[in-house]
Amino acid sequence: MTRLALLAAAAPLFAWSSEGLFGLAPCELCLWQRWPYLLAAVLAFGAAASRRARPVLGGLAILAVLASGAIGAFHVGVEQGWWPSPLAGCQAPRAVPGASVEDMLRNLAPAPTKPCDAPTYLVPGLPVSMAAMNVLYALGLAAAALIWLRRGTRI
């Protein structure tokens, strides 16, 4: 389960580093996709420490990885305009007619600074957003972890 824990923790670490290295700003849905990976890492480390609880904790870790993938799939739909995001932080700030500058500044959210329907592309020329990359990574990691868990391999 240690492999699963490290690979699950790698996803949010990569996202955080891409913010610093490439100057990418995350949206609110981007931030939501990170939490299940961190939970999966904790559960997988717990599974590695306890042989008895390995099937249950490993299964829960796989579900947490899939939860991040589901949030990512929802995010891809928001990026493509298939549906709107219900999160208030995903909406671009709008000017209200007749409002003062002070009122508009007070209503701005401090973070995130990017609307969720604006996809972030990491690789120039490759039309796969970071949200879509997360979906692919989550599906691949969950499949590999399920195989490792079924084989009884110390993942």
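For the structure itself, look to the data block above.
Residues numbered from 1 in each chain as written. Predicted model: local features only at pLDDT ≥ 70, side-chain atom pairs only at ≥ 80, totals over all residues. Heavy atoms only, no water.

Attention now goes to the nonpolar core. Grouped together as the largest cluster of nonpolar side chains are 22 residues, with contacts concentrated most on Leu-4, Tyr-37 and Val-65. Those elements that provide at least two residues to this core are helix 1 (2-22), helix 2 (28-49), helix 3 (54-80) and helix 5 (130-151). Per-element accounting of this core gives the leading share, seven residues, to helix 2. The next biggest cluster of nonpolar side chains, apart from the first, holds seven residues, and it includes Leu-29, Val-78, Leu-87 and Cys-90. (Core = buried A, V, L, I, M, F, W, Y, C linked by side-chain atoms within 4.5 Å. Buried < 20%, exposed > 50% of the residue type's maximum accessible area, 1.4 Å probe, protein only. Helix = DSSP H or I, 4+ residues; strand = E, 2+ residues; numbered from the N terminus.)

Taken as a whole, the largest pocket encloses approximately 410 Å³ of empty space. Among the secondary structure elements, those contributing two or more residues to the lining of the largest pocket are helix 1, helix 2, helix 3 and helix 5. The biggest single contributor to the lining of the largest pocket is helix 1, with six residues. Of the residues that constitute the lining of the largest pocket, the class distribution is 15 nonpolar, five polar and four charged. (1 Å grid on protein atoms, 1.4 Å probe; cavity = no way out; pocket = protein on both sides within 12 Å on 5 of 7 lines; lining within 4 Å. Points joined across faces, edges and corners; volume = space filled by probe spheres on them. Nonpolar A, V, L, I, M, F, W, Y, C, P; charged D, E, K, R; others polar.)

What follows covers the environment of Leu-63. Along the polypeptide, Leu-63 turns up in helix 3. Here the alpha-carbon distance between Leu-63 and Ala-142, two residues 79 residues apart in the chain, equals 7.8 Å.

This part covers helix 5. Along its 22 residues, helix 5 runs 31 Å from first to last C-alpha, staying within 8% of the 32 Å computed at 1.5 Å per residue. Along helix 5, the residues classified as buried are Ala-131, Ala-132, Asn-134, Val-135, Ala-138, Leu-141, Ala-142, Ala-145 and Trp-148. Of the surrounding secondary structure, the elements contacted by the buried residues of helix 5 are helix 1, helix 2 and helix 3. Positioned one or two residues after helix 5, Gly-152 has a phi angle of 80°, which is positive. (Expected span 1.5 Å × (residues − 1). Contact = heavy atoms within 4.5 Å.)

Read these as spatial facts, not as claims about activity.
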